[in-house]
Amino acid sequence: MRHAVVIGAGMSGLLAAAALDRVAERVTVLDRDELPEGDAHRRGTAQSRHAHGLLARGLQVMEELLPGLTDELTARGAFGGDLQADCRWINEGRRLAPAPGDMPGLLVSRPLLEGQVRRRVSRLPGVEVTGGRQVADLVTAGDRVTGVRLVSGETITADLVVDASGRGSHTPAWLAGMGFPVPEQERVEIDLTYSTRLFRRLPGHLDGDPVVIMAATRAVPRAGVALAMEGDRWIVTIGGYGEAAPLDYEGFVSYAGSLPAPDIHELVSSAEPLDEGRRHRTPASVRRRYERLARFPRGLAVVGDAVCAFNPIYGQGMSVAAVEALRLGEWARRDRPARELFRSIARVVDAPWDIVVSGDLRLPGVRGRRTPGIRLVNAYLERFHRAAEHDAELGRRFLRVANLIDPPSALVRPACLLRVLRGVLAPAAGRGPVSLRTPQAGRPVP
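About the thresholds
- Residues numbered from 1 in each chain as written.
- Predicted model: local features only at pLDDT ≥ 70, side-chain atom pairs only at ≥ 80, totals over all residues.
- Heavy atoms only, no water.
- Helix = DSSP H or I, 4+ residues; strand = E, 2+ residues; numbered from the N terminus.
- Buried < 20%, exposed > 50% of the residue type's maximum accessible area, 1.4 Å probe, protein only.
- Contact = heavy atoms within 4.5 Å.
- Lys, Arg positive; Asp, Glu negative; His and termini not counted.
- Charge placed at Lys NZ, Arg CZ, Asp CG, Glu CD.
- 1 Å grid on protein atoms, 1.4 Å probe; cavity = no way out; pocket = protein on both sides within 12 Å on 5 of 7 lines; lining within 4 Å.
- Points joined across faces, edges and corners; volume = space filled by probe spheres on them.
- Nonpolar A, V, L, I, M, F, W, Y, C, P; charged D, E, K, R; others polar.
- pLDDT = per-residue confidence, 0-100.
- Polar contact = N/O pair within 3.5 Å; in protein donor to acceptor, adjacent residues only side chain to side chain.
- Core = buried A, V, L, I, M, F, W, Y, C linked by side-chain atoms within 4.5 Å.
- Expected span 1.5 Å × (residues − 1).
- Phe/Tyr/Trp six-rings, centres within 6.5 Å; stacked < 30°, edge-to-face > 60°.
- Lys NZ or Arg CZ within 6 Å of the ring centre and 35° of its normal.

- In the annotation of an unreviewed UniProt entry, the entry for the protein reads FAD-binding monooxygenase, and the organism field reads Planobispora siamensis.

In structure tokens form, the structure reads like this:
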């Protein structure tokens, strides 16, 4: 392949370019934003001011595509930890049993991560990353895409065009204009709004733990994340389904007090605030079913949020995009029909999509079809998390699934089922479950 064009210089586009660099003679990455020289927020990544999760599988793949990336990020202030021993994972109001694990994690802000990935990709000999160049349309010849046309009128020819432009992808409209079928779209209406503030981080905060990840519950449909990051800072994101957390400090702290467990409230009520806060709204999780199309133009591919945009509170987007980049590179090397790429991507997306959809459909305010299977899975997971509060092995197995290393089916293997049953019937002695709180009064739910 002589030339590939990637639309979008976010994490998905940059990782796609890194994968294609091993296949194509030249790769050009185009973005409508003027790209910053350093580590800075930009308009095209509206969520960059909020907490971002880099799952274990995502970190593995990024290191595979860009060897030495972890060390480079660490040198710039990011720092690692043990995802089970050092992180407070709170599900159903209960903390997963901490224990030394086998999954390293990396704490890094989105601007630093994207900035370093962009620098690394830009240094690849065959890759050019350019900003201020917005794609207006595809250039076609028959049933093949042969390049892109920019808003400026410039035309760039390519053997392959990859749409990594995110949720606002124009590919469905471009397909319709070319006479091709448009992919089916699945939506789960979540109406999630979250607010984020930065705080000064001191060594004694949270007894030295650098992470709190707190899932919403049926009784309290509010969630929160507190992540330590470079610059001795905390980034704290809290929010709810069908409502918004206040941005002012007093309101932010009060809202944190209504979350399913007290950890984040204890942090923000004692830490020094550093900014005025930001808010972001995600109306729905969206999946476009490209793998079901009978016809698709040659010379075109779609990856990342342009295929599936998850509820961001689960922190899966960057890691899924990384794995998709690997699949894209493998497919481009074999020069196979697009349907093979989309089927491969669908297998990557299936597990995290099921996790997100099932998890969100636990909550009464989320609209969607609650099948008997989803109800059964959620009932089982409630019992699983009750047992995992005292069983570190269950905690390890859950984290391997949550970090996209093992499939969700790993949680229902016979040995796992037995541990859950044992844990529910005879929980280990120790601290009791964390009280659930109502959003209105902050009092325990009976």
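Now that the structure has been shown, the text picks up again.
1. Observations regarding the overall build of the protein
Now for step 1: Tallying secondary structure elements over the protein gives twelve helices and 18 strands in all.
Now for step 2: Put simply, the protein has 446 residues, and 55% of those count as buried.
Now for step 3: Taking the intrachain contacts of the protein between residues at least 6 apart in sequence as the baseline, contacts between residues at least 24 apart amount to 72%.
Now for step 4: Charge centroids of the protein, computed over 60 positive and 52 negative side chains, lie 5 Å from each other.

2. Some thoughts on the layout of surface pockets
Now for step 1: By volume, the second largest pocket amounts to about 440 Å³.
Now for step 2: Taken together, 22 residues make up the lining of the second largest pocket; nearest its centre are Arg-298, Gly-299, Trp-331, Asp-335 and Arg-336.
Now for step 3: Breaking the lining of the second largest pocket down by element, the ones donating at least two residues are helix H8 (317-334) and helix H9 (338-360).
Now for step 4: In terms of residue count, the dominant contributor to the lining of the second largest pocket is H9 (three residues).
Now for step 5: Partitioned by chemical class, the residues of the lining of the second largest pocket number 14 nonpolar, one polar and seven charged.

3. Here we look at the confidence of the model for the protein
Now for step 1: Looking at the protein, the pLDDT average stands at 92 and 95% of residues meet or exceed 70.
Now for step 2: Note on residues 428-446: pLDDT is under 50 here. Beyond four places in sequence and across chains, it has 40 contacts.

4. A word on the side chain of Ser-169
Now for step 1: Structurally, the position occupied by Ser-169 is in the loop between strand S11 (160-163) and helix H5 (171-178).
Now for step 2: Side chain to side chain, Ser-169 and Asp-163 meet in a polar contact 2.5 Å long.
Now for step 3: With sequence-adjacent residues up to four places away left out, Ser-169 is seen in contact with Asp-163, Arg-288 and Ala-306.

5. A look at the nonpolar core
Soluble globular proteins tend to bury their nonpolar side chains together.
Now for step 1: The biggest cluster of nonpolar side chains holds 93 residues, and the ones touching the most others in it are Val-121 and Val-148.
Now for step 2: In this structure, Val-212, Val-268, Ala-271 and Ala-410 belong to the second largest nonpolar core, which totals 47 residues.

6. Observations regarding H8
Now for step 1: The end-to-end C-alpha distance of H8 is 26 Å, a good match for the 26 Å that 18 residues give at a rise of 1.5 Å each.
Now for step 2: Counting buried positions over the 18 residues of H8 gives 13, a clear majority of the element.
Now for step 3: Within two residues after H8, Asp-335 carries a phi angle of roughly 55°, on the positive side.

7. Observations concerning the packing of aromatic side chains
Now for step 1: Here the structure, examined in full by the defined rule, presents eight aromatic pairs.
Now for step 2: On the numbers, 4.9 Å between centres and 80° between planes, the contact of Phe-296 with Phe-342 is edge-to-face. With Phe-296 in the loop between strand S16 (278-289) and strand S17 (300-302) and Phe-342 in helix H9, this residue pair connects regions lying 46 residues apart in the sequence. The same class applies to Phe-296 and to Phe-342, which are both buried.
Now for step 3: Taken together, the ring pairs connect Phe-199, Tyr-249 and Phe-252 into an aromatic cluster.
Now for step 4: Above the plane of the ring of Phe-180 lies Arg-295, whose end atom (NZ or CZ) is 4.5 Å from the centre.

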